[in-house]
Amino acid sequence: MIDFDKVNKTIKKLQLGGTMNGLSPILFLNWFKSKPIKNEKQEDSVIEAKIPIKKSIHADRIKSSNRFDSRVNWDNIDWLQQFLTKNLGYKTATSINSSIVEEGLGDPRRKQVGGPGYGLLQWEKGTNRYDRMMQYKPDSTINGVDPELQRQAEFIINTTLDNQHKDDWTHGGKGSGYATGEDARKKFINKYSNLQEKTRAFSLGYVRPKAGIKAANKREKLSFSLDSIYNPKFYPKNK
């Protein structure tokens, strides 16, 4: 007998930007014990899901740099780096965080002053993607994590891995180097793309800041700063 309630829930999940099986990529209470989402072109994670206790030799200097707004929520950025790395790989996570730092300062509830932007990536009210993001609900919650932070992070994962909703990605405008939004998405998820390429594709194709290429160039530089915080090669060696 067909379970129509289950079918309806699956359809609704797909409409909100879920994966092809209608599920959130995170189906667990303790994500540290879960395996990352698989994609044939997904990059390999180069750091463990849980960032080591040892800090980068550059972490304090970079986080306190006047290049960053003092309002950046570094606790949230640190968690996002772990969570996104677990699901998408290290380079992809770092490229996403470069836009999150610039757009929403790591605050999932941040509202744009005098504008329609909201959340980690300042999604604009009145758009289909904003509506789907606001309606998206995780299948489970992670203890000790802001539910709004988790919810938006999962939505980002879903809408970058699949191409169900064509309006999630664009070609990035004149001079971007992408013929279509799908070209930008494939460059972003390809495991062979370097950090700079992923950051540029995500900024121009997915986030689409008004400053366009100028904003993407700034985020490319920022991604290198974030790399020097989270890449294990910058951790002090044991004596």
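This one's a predicted model, so the numbers in the text were calculated from it and none came from an experiment.

(A) The overall build of the chain, seen in detail. For the chain, the helix and strand inventory stands at nine helices and two strands. Walking the chain from its N terminus toward its C terminus, one meets helices and strands in the order α-α-α-α-β-β-α-α-α-α-α. Counting over 239 residues, the chain shows a buried share of 52%. Intrachain contacts of the chain at a sequence separation of at least 6 include 66% that bridge at least 24 residues.

(B) Structural detail: the packing of aromatic side chains. In the structure shown here, the tally under the stated rule is nine aromatic pairs. For the ring pair tyrosine 136 and phenylalanine 155, a centre distance of 6.1 Å and an interplane angle of 65 degrees mean the geometry is edge-to-face. A residue pair is termed long-range when its members are at least 10 positions apart, and tyrosine 136 in the loop between helix 5 (128-135) and helix 6 (147-161) and phenylalanine 155 in helix 6 qualify at 19 residues. Phenylalanine 155 carries the same exposure label as tyrosine 136, and that label is buried. Relative to tyrosine 206, the ring of phenylalanine 202 lies with its centre 5.0 Å away and its plane at 15 degrees, an arrangement referred to as stacked. Placement of the pair is phenylalanine 202 and tyrosine 206 together in helix 8 (residues 195-207), with a separation of four residues, close to one helical turn. Taken individually, phenylalanine 202 and tyrosine 206 each receive the classification buried, so the pair is uniform in this respect. Members of the aromatic cluster, connected to one another through ring pairs, are Trp169, Phe188, Phe202 and Tyr206. Above the plane of the ring of tyrosine 206 lies arginine 129, whose end atom (NZ or CZ) is 4.3 Å from the centre.

(C) Expanded view of helix 9 (residues 213-230). Here helix 9 is 18 residues long and its end C-alpha atoms lie 25 Å apart, about the 26 Å a rise of 1.5 Å per residue gives. Residues of helix 9 that are buried: Ala215, Ala216, Arg219, Glu220, Leu222, Ser223, Ser225, Leu226, Asp227, Ser228, Ile229 and Tyr230. Where helix 9 is buried, its residues meet helix 2 (59-63), helix 3 (74-88), helix 4 (90-104) and helix 8.

(D) Local environment of the side chain of threonine 159. Within the secondary structure, threonine 159 sits in helix 6. Threonine 159 gets classed as buried once you look at its relative accessible area, which sits at 0%. Among the polar contacts made by the side chain of threonine 159, one reaches the main-chain carbonyl oxygen of phenylalanine 155 at a distance of 2.7 Å.

(E) Here's a closer look at unusual backbone geometry. At leucine 105, a position not held by glycine, the phi torsion is positive, near 60 degrees. Inspection of the secondary structure puts leucine 105 in the loop between helix 4 and strand 1 (117-118). With a relative accessible area of 8%, leucine 105 lands in the buried category. Of note in this structure, arginine 208 is not a glycine but carries a positive phi near 60 degrees. Mapped onto the elements of the fold, arginine 208 is located in the loop between helix 8 and helix 9.

(F) Layout of the side chain of asparagine 158. By secondary structure assignment, the location of asparagine 158 is in helix 6. Side chain to side chain, asparagine 158 and tyrosine 136 meet in a polar contact 3.1 Å long.

Conventions and cut-offs
Residues numbered from 1 in each chain as written. Predicted model: local features only at pLDDT ≥ 70, side-chain atom pairs only at ≥ 80, totals over all residues. Heavy atoms only, no water. Helix = DSSP H or I, 4+ residues; strand = E, 2+ residues; numbered from the N terminus. Buried < 20%, exposed > 50% of the residue type's maximum accessible area, 1.4 Å probe, protein only. Contact = heavy atoms within 4.5 Å. Phe/Tyr/Trp six-rings, centres within 6.5 Å; stacked < 30°, edge-to-face > 60°. Lys NZ or Arg CZ within 6 Å of the ring centre and 35° of its normal. Expected span 1.5 Å × (residues − 1). Polar contact = N/O pair within 3.5 Å; in protein donor to acceptor, adjacent residues only side chain to side chain.

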